[in-house]
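Okay, here's what each chain looks like letter by letter:
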Amino acid sequence: SGQVTVGELAKLMHKQASEIIKFLFLLGNMATINTVLDDENIELVGMEFGIEVHKENIVEEFNFEEMEEDEDPSKLESRPPVVTIMGHVDHGKTTLLDTIRKTKVTEGEFGGITQHIGAYQVEVNGRKVTFLDTPGHEAFTAMRARGAKVTDVTIIVVAADDGVMPQTKEAVDHAKAAGVPIIVAVNKMDKEGANPERVMSEMSELGCMPEEWGGDTIFVPVSAKTGEGVEDLLENVLVVAEVADLRANPHKNAVGTVIEAKLDKGRGSVATLLIEAGTLHASDAIVVGTAFGRVRKMTDDMGKEIKVAGPSTPVEIIGLNSVPIAGDVFKAFDSEKKARQIAEARLNVRVEEERNASSAMSLEDLARQI
Ligand code: GDP
Ligand code: MG
């Protein structure tokens with residue numbers, strides 16, 4: 001539960017800690033900047049400074065990124081896997097992503113060219129699979145830095161005419177560190193000199209032993225260029241996803257991660273969000289970092305306007321008051337007021353932190369002010 005110290009409350013209220021300490025002192029309560037306040041004192045402080053402070057309103061969810069919610073197992077429902085493609089440069093990542101999209105997505109319905117939003121969904125045997133279109137390494141690095149695990153499965157592309165290369169090894173390291181299952185796409189099988197056995201043996205040395213050699217890594221020979229084997233690859237993604245038994249609670253406010261964000265001349269802040277749990281509705285109030293706003297328009301990966309989106313769905317939204325950072329966690333709230341309070345409190349804390357970084361204020365200074 002959210003425990004608030006005098007210092008934190010001061011930040012949340014845009015007040016000096018010394019003002020709160022002085023007020024509590026006049027009430028007969030000795031407090032320091034580190035004193036944890038009870039609900040009654042929080043309310044008294046709020047009344048004194050004319051600010052409505054509901055502990056449950058702001059403080060509880062101030063650090064929503066770090067909150068682990070106890071999920072009622074009965075509310076969990078199966079969700080699509082989220083897949084990233086990694087591998088050495090020129091081994092065929094972009095071509096494979098394009099081929100998957102082309103063979104599985106019917107283009108043209110919404111103005112010809114499928115827009116690029118950094119992620120897309122395809123259907124394989126009637127089941128959805130979400131692909132992150134962002135450079136695998138960057139996405140992994142950003143998300144790992146925040147301790148988030150956005151990807152469920154990673155496809156590592158290895159060109160059969162080139163074999164394992166430095167970035168292949170890096171990709172394996174990233175995936176293993178994140179605990180994400182690996183599928184190896186042995187690419188460029190159409191090329192003369194393609195040597196899948198060599199790829200298998202080199203990958204084994206990195207700890208990815210093929211199933212047919214007694215290991216547990218699935219290798220699928222493909223040609224991203226001709227499309228050969230791509231269907232098989234996708235079916236294997238489903239197999240791995242099934243083993244992982246991916247579930248999320250769709251019956252709550254949406255939480256997820258920013259995949260991409262930019263400032264658009266006409267539309268303002270545009271963000272691609274990947275919903276991890278819950279359901280996002282057009283008009284929901286959300287907070288990301290210090291940005292907040294109501295979702296003014298939500299579109300899917302085809303550019304089609306949608307009103308609701310559930311777990312593992314990538315969506316593009318407009319309506320945030322600033323541009324968030326890729327990898328940031330977003331959360332939807334019941335009211336815009338609450339979203340605003342949280343975002344403003346966070347902005348305040350950030351400003352304060354920046355100020356403190358330049359001029360560190362000691363407790364002695366604080367005591368002298370009282
Ligand atoms: P990336 O750097 O991993 O994204 O690699 P690209 O997708 O850009 O591919 C690098 C080059 O390899 C391009 O010229 C592709 O046309 C070519 N390429 C990719 N996949 C295949 C394949 O399956 N067969 C052949 N013959 N060429 C491929
Ligand atoms: Mg590429």
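Keep in mind the model is a prediction, meaning the values are calculated, not measured.

1. Regarding the overall build of the chain
1) Next: Along the backbone of the chain there are 10 helices and 19 strands.
2) Next: Taken across its 370 residues, the chain has 49% of its residues classed as buried.
3) Next: A fraction of 73% describes how many contacts in the chain between residues 6 or more apart in sequence connect residues 24 or more apart.
4) Next: Summed over its atoms, the accessible surface of the chain is roughly 18200 Å², and 48% of this surface lies on carbon and sulfur atoms.

2. Structural notes on the sheet that holds strand β19 (residues 329–333)
Paired through their backbone hydrogen bonds, the strands of a sheet run either parallel or antiparallel.
1) Next: Ordered by their spatial adjacency, 7 strands build an open sheet running β15-β14-β19-β11-β12-β18-β16, and the pairing between neighbours is antiparallel. One side of each edge strand has no neighbouring strand; the edge strands of this open sheet are β15 (291–294) and β16 (297–299). Strand-to-strand twist of the sheet, defined as the mean angle between neighbouring strand axes without regard to direction, takes the value 30 degrees.
2) Next: By the bridge criterion, 9 bridges tie strand β11 (residues 255–264) to strand β12 (residues 268–277) in an arrangement that is antiparallel. Bridge pairing in β12 places T257 opposite L274.

3. Concerning the sheet that holds strand β7 (residues 153–159)
1) Next: Here 6 strands make up an open sheet; going across it, the order is β5-β6-β4-β7-β8-β9 and the pairing mixed. Two strands lie at the open edges of the sheet, namely β5 (119–124) and β9 (218–221), each paired on one side alone. With direction set aside, neighbouring strand axes in the sheet form an average angle of 30 degrees.
2) Next: By the bridge criterion, 6 bridges tie β7 to strand β8 (residues 182–187) in an arrangement that is parallel. Counterpart to A159 in the pairing with β8 is N187.

4. Comments concerning the nonpolar core
In summary, soluble globular proteins display a tendency toward joint burial of nonpolar side chains.
1) Next: Core analysis: the largest hydrophobic core is formed by 25 residues, its most contacted members being L96, I100, F131 and I155.
2) Next: Looking at this core, the elements that each hand over two or more residues are β4 (82–87), α4 (93–104), β5, β6 (127–132), β7, β8, β9 and α8 (230–244).
3) Next: Per element, the largest residue contribution to this core is 6 residues, and it comes from α8.
4) Next: Not counting chain neighbours up to four residues away, the residues in contact with I100 comprise I85, Y120, V122, F131, V230 and L234.
5) Next: Residues V6, A17, I20 and L37 belong to the second largest nonpolar core, which totals 19 residues.

5. Brief notes about a nonpolar patch on the surface
1) Next: A cluster of nonpolar residues, F25, L26 and M30, forms a patch on the protein surface that exposes about 400 Å² of accessible area.
2) Next: With respect to the helices and strands, the residue L26 is situated in helix α2 (residues 17–26).
3) Next: When its relative accessible area of 67% is taken as the criterion, L26 is described as exposed.

6. So, the site of ligand 1
1) Next: Surveying the vicinity of ligand 1 reveals 15 residues, the closest of which are D90, K93, T94, T95 and D190.
2) Next: Between ligand 1 and A224 there is a distance of 2.9 Å, counted from an oxygen atom to a backbone nitrogen or oxygen.
3) Next: Bound to the protein, ligand 1 loses 74% of the 580 Å² it would expose on its own.
4) Next: With 3 residues, the top contributor of residues to the shell around ligand 1 is α4.
5) Next: Counted by class, the shell around ligand 1 contains 2 nonpolar, 7 polar and 6 charged residues.

7. Remarks on helix α6 (residues 166–178)
1) Next: Over its 13 residues, α6 runs 19 Å from end to end, which matches the ideal 18 Å to within 8%, given 1.5 Å per residue.
2) Next: Buried residues of α6: T168, A171, V172, H174 and A175, and no others. When α6 is viewed along its axis, its buried side chains cluster within an angular range of 160 degrees and face the same direction. Opposite the buried face of α6, by more than 90 degrees, sit the exposed residues P166 and A177.
3) Next: Of the residues flanking the end of α6, it is G179, one or two places downstream, whose phi is positive at about 70 degrees.

8. Brief notes about the environment of E260
1) Next: Within the secondary structure layout, E260 lies in strand β11.
2) Next: Residue classification places E260 among the partly exposed residues on the basis of a relative accessible area of 26%.
3) Next: Taking the C-alpha atoms as reference points, E260 and I117, 143 residues apart in sequence, are found 7.4 Å from one another.

9. Observations regarding the confidence of the model for the chain
1) Next: Averaged over every residue, the pLDDT of the chain is 86; the share at 70 or more is 84%.
2) Next: Confidence drops under pLDDT 50 across residues 109–113; counting only partners more than four residues distant or on other chains, this segment forms 4 contacts.
3) Next: Complex prediction metrics read pTM 0.80 and ipTM 0.99.

10. Some points on the pairing of β7
1) Next: With 7 of 7 residues buried, β7 is to be regarded as a mostly interior element.
2) Next: The alternating pattern of β7 places V153, I155, V157 and A159 and T154, I156 and V158 on opposite faces, both of which are buried.
3) Next: By the bridge criterion, 5 bridges tie β4 to β7 in an arrangement that is parallel. Paired with M86 across the two strands is I156, which belongs to β7.

11. Some points on the pattern of salt bridges
1) Next: Taken as a whole and assessed by the stated rule, the structure comprises 12 salt bridges.
2) Next: Residue R79 pairs with D152 through a salt bridge whose shortest N-O separation is 2.9 Å. Residue R79 is located in the loop between β3 (77–78) and β4, and its partner D152 is located in the loop between α5 (136–145) and β7; the two are separated by 73 residues in the primary sequence. Neither R79 nor D152 differs from the other in exposure class; each is buried.
3) Next: Between R127 and E242 there is a salt bridge, and its shortest N-O distance comes to 2.8 Å. Of this pair, R127 sits in strand β6 while E242 sits in helix α8, placing them 115 residues apart in sequence.
4) Next: What you see here is one network of salt bridges that share partners, running through D264, R267 and E316.

The rules behind the values
- Residues numbered from 1 in each chain as written.
- Chains lettered and ligands numbered in written order.
- Predicted model: local features only at pLDDT ≥ 70, side-chain atom pairs only at ≥ 80, totals over all residues.
- Heavy atoms only, no water.
- Helix = DSSP H or I, 4+ residues; strand = E, 2+ residues; numbered from the N terminus.
- Buried < 20%, exposed > 50% of the residue type's maximum accessible area, 1.4 Å probe, protein only.
- Contact = heavy atoms within 4.5 Å.
- Areas by Shrake-Rupley, 256 points an atom, 1.4 Å probe, with all protein chains shown as cover.
- Pairing = 2+ DSSP bridges.
- Axes fitted to C-alpha atoms, helices over the stretch in contact; angles between N-to-C directions.
- Core = buried A, V, L, I, M, F, W, Y, C linked by side-chain atoms within 4.5 Å.
- Patch = residues over 30% accessible without salt bridge, like charges linked within 9 Å, V, L, I, M, F, W, Y side chains within 5 Å.
- Salt bridge = Lys/Arg side-chain N within 4 Å of Asp/Glu carboxyl O.
- Near = heavy atom within 4 Å.
- Polar contact = N/O pair within 3.5 Å; in protein donor to acceptor, adjacent residues only side chain to side chain.
- Nonpolar A, V, L, I, M, F, W, Y, C, P; charged D, E, K, R; others polar.
- Expected span 1.5 Å × (residues − 1).
- Arc of directions from axis to C-beta.
- pLDDT = per-residue confidence, 0-100.

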